[in-house]
Amino acid sequence: MKKTWDAACKATRSYWNSKWYMPSVLAVSCISAVFDIDLIGMFVLAALAIVMLVLCDDMMSLVCPIFCIFLSSIEFYRDYSVLTDYMWYAIVPFAAALIFNLVYYRTPFVKGRFFYPQLAVSVALSLGGLFCIPAKQYFSPSALYFTVGSGFFMLFVYCLTISRLKAYKRSYDRVERLARAVFAAGLLAAFLVFEFYIDNAEEFLRKGTFLFFKPRNYVSSVLMMAIPMSCIYIKRNNLNIISMLFMYVGMLLTGSRSGLLFGTLALALSVAFVYITNKKSRRLYNVLLIIAAIPVVYAAVKVLPELYAARMANGFFNEGDATRIKFIKFGISDFLAYPIFGIGVGNLAHFEIFKAYTPGSIVYFHNIVIQVMASLGVVGIAAYLWNFCARVKMFWENRKNETLIFAISYLAILLMSFTNPGMFCPFPEGALIVLMLSVAEVKFAKQ
């Protein structure tokens, strides 16, 4: 029995460390999307994650399949509640496998430098809406997903990740491995956008503008975090510039204005990173920049304004932005009315004007500052500010190594959070940032 167990563990770890792991996960997601069997693909990846939990001590192996599961779920973006009939078939065995993993592969507990800032955020989220929010709204599944998911569960993810990273020595570079997982997820996100346009090619050609892609901001958030991961691959082989552009074009096709603005910034910073750090190819980059200059200017002046015409009826803004202005006003008034703990993350007080609401979601203020102020009050402001300063400090200390690509991703999703939920979403954005911080923290500690 022990020989069989050891053989299974060895085979699983070999698969995880092979060059085929990420591509196979990506292939499952792409095939399931093409044949419209997304739910089956999600269960296949959930089964893979469960196997990895049981037979492998490396929690990094979960990043790619779980990330791809969340991306595949955009098929149900209009109503996530339909997944509740099926998700328990994956959640229960996953939870059991996770418990087994925590016990069998247990390691000494490590707090890490972000323990107390994240603990403060967790407490603030839990206290949000105290004396204000109705109990039914506070304990609703969607509200708990955001309060617990971004709070104490994220603290658990951080502690588990940092403890495992410091306990086990790996033969691979962790920055590169995490970047590879996010890179694969970014390719999937772009693929899903292109698949959407292929399915609706006739309408796209008839209208001549971007089509209505409902999860545009969610997918754009993923892509702007994935684009910087291309930098590591480009330093190996310049042909990977194509992959970076594939993700960027996919992000543009979502029709997200925030993606256009902040994603372009992420691309520019990523290009600058590659140009500065990859000195041996600088001559090639100079040629490519000169060749690309005219097409880029033409696209920015002529093509993009026409494609984004429906999204920018009045300059960069459209009529729907009036709702965002209302949310700022409501957020400030909510903060003044409940300045200590706010109105709570799951509060549906402004449900009637939140046009983007979908079942299984919460009411967003579309601005992380207003969201924290209104939902969590002064307690939340202090906690999030502490957490933010701790993160910026760590990235600044790591500014001279390859973990700078994580800082670019963090900056992009932070800016996205000023117009959309962004990193206020626990998964995948919030968890991914925690993983990046944990890997960077360990990397910095070794230097």
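Residues numbered from 1 in each chain as written. Predicted model: local features only at pLDDT ≥ 70, side-chain atom pairs only at ≥ 80, totals over all residues. Heavy atoms only, no water.

Structural notes on the overall build of the chain
Now for step 1: Each helix and strand in the chain was counted, giving 20 helices and zero strands.
Now for step 2: The 447 residues of the chain split such that 53% are buried.
Now for step 3: Nonlocal contacts in the chain, meaning residues at least 24 apart in sequence, comprise 82% of its contacts between residues at least 6 apart.
Now for step 4: Working note: accessible area of the chain is about 21000 Å², and carbon and sulfur atoms make up 71% of it. (Helix = DSSP H or I, 4+ residues; strand = E, 2+ residues; numbered from the N terminus. Buried < 20%, exposed > 50% of the residue type's maximum accessible area, 1.4 Å probe, protein only. Contact = heavy atoms within 4.5 Å. Areas by Shrake-Rupley, 256 points an atom, 1.4 Å probe, with all protein chains shown as cover.)

As for a nonpolar patch on the surface
Now for step 1: A cluster of nonpolar side chains, I31, V34, F35, I37, I40 and V44, forms an exposed patch at the surface whose accessible area comes to about 560 Å².
Now for step 2: Elements with a minimum of two residues in the nonpolar patch: α2 (21–34) and α3 (38–55).
Now for step 3: Along the chain, V34 falls in helix α2.
Now for step 4: Judged by relative accessible area, which is 47%, V34 ranks as partly exposed. (Patch = residues over 30% accessible without salt bridge, like charges linked within 9 Å, V, L, I, M, F, W, Y side chains within 5 Å. Salt bridge = Lys/Arg side-chain N within 4 Å of Asp/Glu carboxyl O.)

As for helix α4 (residues 63–72)
An α-helix turns once per 3.6 residues; consequently, residues spaced three or four apart project the same way.
Now for step 1: In terms of residue burial, α4 counts as a mostly covered element, since eight of its ten residues are buried.
Now for step 2: Of the positions making up α4, those classed as buried are V63, C64, P65, F67, C68, I69, L71 and S72.

Quick word on the packing of aromatic side chains
Now for step 1: Taken as a whole and assessed by the stated rule, the structure comprises 25 aromatic pairs.
Now for step 2: Ring geometry for F100 against Y104: centres 5.2 Å apart, planes inclined by 10 degrees, an arrangement best described as stacked. Residue F100 and its partner Y104 are both found in helix α5 (residues 88–104); the two are separated by four residues, about one turn of the helix.
Now for step 3: For F100, a relative accessible area of 31% puts it in the partly exposed group.
Now for step 4: Residue class for Y104 comes out partly exposed when judged on its relative accessible area of 46%.
Now for step 5: Within the aromatic cluster, the residues linked to one another by ring pairs are F70, Y145, F146, F153, F156 and F427.
Now for step 6: Its guanidinium or amino end placed over the ring of Y275, R282 lies 5.0 Å from that ring's centre, counting from NZ or CZ. (Phe/Tyr/Trp six-rings, centres within 6.5 Å; stacked < 30°, edge-to-face > 60°. Lys NZ or Arg CZ within 6 Å of the ring centre and 35° of its normal.)

Side note on the pattern of salt bridges
In a structure, side chains of opposite charge can pair up when their charged atoms sit close to one another.
Now for step 1: A full pass over the atoms with the stated rule returns six salt bridges.
Now for step 2: As a salt-bridge pair, E397 and R113 come within 2.9 Å of each other at their nearest N and O atoms. Here E397 is found in helix α18 (residues 368–397), whereas its partner R113 is found in the loop between α5 and α6 (115–127), with 284 residues between them in sequence.
Now for step 3: A salt bridge links R180 to E176; the shortest N-O distance between them is 3.9 Å. One end of the pair is R180 and the other is E176, both in helix α10 (residues 174–199) and four residues apart, which spans about a single turn. The same class applies to R180 and to E176, which are both buried.
Now for step 4: Through salt bridges with shared partners, one network takes in D57, D58 and R170.

Re the nonpolar core
Now for step 1: Ranked by internal contacts, the top residues of the largest apolar core, which has 125 residues, are L71, L178 and F406.
Now for step 2: Considering each element in turn, this core owes the most residues, 15 residues, to α10.
Now for step 3: Beyond its immediate stretch of four places on either side in the chain, L71 contacts A185, L188, A189, L192, Y218 and V222. (Core = buried A, V, L, I, M, F, W, Y, C linked by side-chain atoms within 4.5 Å.)

Let's talk about helix α9 (residues 152–167)
Now for step 1: With 16 residues, α9 extends 22 Å from end C-alpha to end C-alpha; this agrees with the ideal 22 Å at 1.5 Å per step.
Now for step 2: Turning to α9, its buried residues are M154, L155, V157, Y158, C159, L160, T161, I162, S163, R164 and L165. (Expected span 1.5 Å × (residues − 1).)

Digging into the side chain of E429
Now for step 1: By secondary structure assignment, the location of E429 is in helix α20 (residues 426–445).
Now for step 2: Despite being buried, E429 has no salt bridge partner; R391 is the closest side chain of opposite charge, sitting 12 Å away.
Now for step 3: Excluding anything up to four places from it in sequence, E429 contacts Y218, S221, M225, I413, G422 and M423. (Lys, Arg positive; Asp, Glu negative; His and termini not counted.)

What to know about the packing of helix α15 (residues 257–277) against helix α19 (residues 404–416)
Now for step 1: Look at α15 against α19: their axes get within 9 Å of each other, and the N-to-C directions meet at 165 degrees. With respect to their mutual orientation, α15 and α19 come out roughly antiparallel. Of the two elements, α15 crosses α19, and the hand of that crossing is right-handed. On the side of α15, the interface is formed by S258, G259, F262, L265, A266, L269, S270 and F273, while α19 contributes L404, I405, I408, L411, A412, L415 and M416.
Now for step 2: Grouping the constituent residues of the contact of α15 with α19 by class yields twelve nonpolar, three polar and no charged. (Axes fitted to C-alpha atoms, helices over the stretch in contact; angles between N-to-C directions. Parallel < 35°, antiparallel > 145°, perpendicular 65-115°, else oblique. Left-handed = near helix turned anticlockwise from the far one by under 90°. Nonpolar A, V, L, I, M, F, W, Y, C, P; charged D, E, K, R; others polar.)

Notes on the environment of P421
Now for step 1: Tracing the sequence through the fold places P421 in the loop between α19 and α20.
Now for step 2: Along the backbone, P421 and I368 are 53 residues apart, and their C-alpha atoms lie at a distance of 7.0 Å.
Now for step 3: When sequence neighbours within four positions are dropped, the list of residues in contact with P421 reads Y364 and H366.

Comments concerning the side chain of R180
Now for step 1: The exposure class of R180 is buried, given its relative accessible area of 18%.
Now for step 2: Ignoring any residue separated from it by four or fewer positions in sequence, one finds R180 in contact with S18, M22 and Y233.

Examining the environment of I413
Now for step 1: You can see I413 is positioned in helix α19.
Now for step 2: As for I413 and S221, which are separated by 192 residues in sequence, their C-alpha atoms are 6.2 Å apart.
Now for step 3: Apart from the residues within four sequence positions on either side, I413 is in contact with S221, M224, M225, G422, M423, E429 and I433.

Some remarks on unusual backbone geometry
Now for step 1: In this model, F427 is joined to P428 through a cis peptide bond whose omega is 0 degrees.
Now for step 2: Topologically, P428 is positioned in helix α20.
Now for step 3: Phi at D36 is positive, roughly 60 degrees, even though this residue is not glycine.
Now for step 4: Exposure remark for D36: the relative accessible area of 55% places this residue in the exposed category.
Now for step 5: With a phi close to 70 degrees, F131 is a non-glycine residue in the positive phi region.

The values reported here are purely geometric and, on their own, carry no functional implication.
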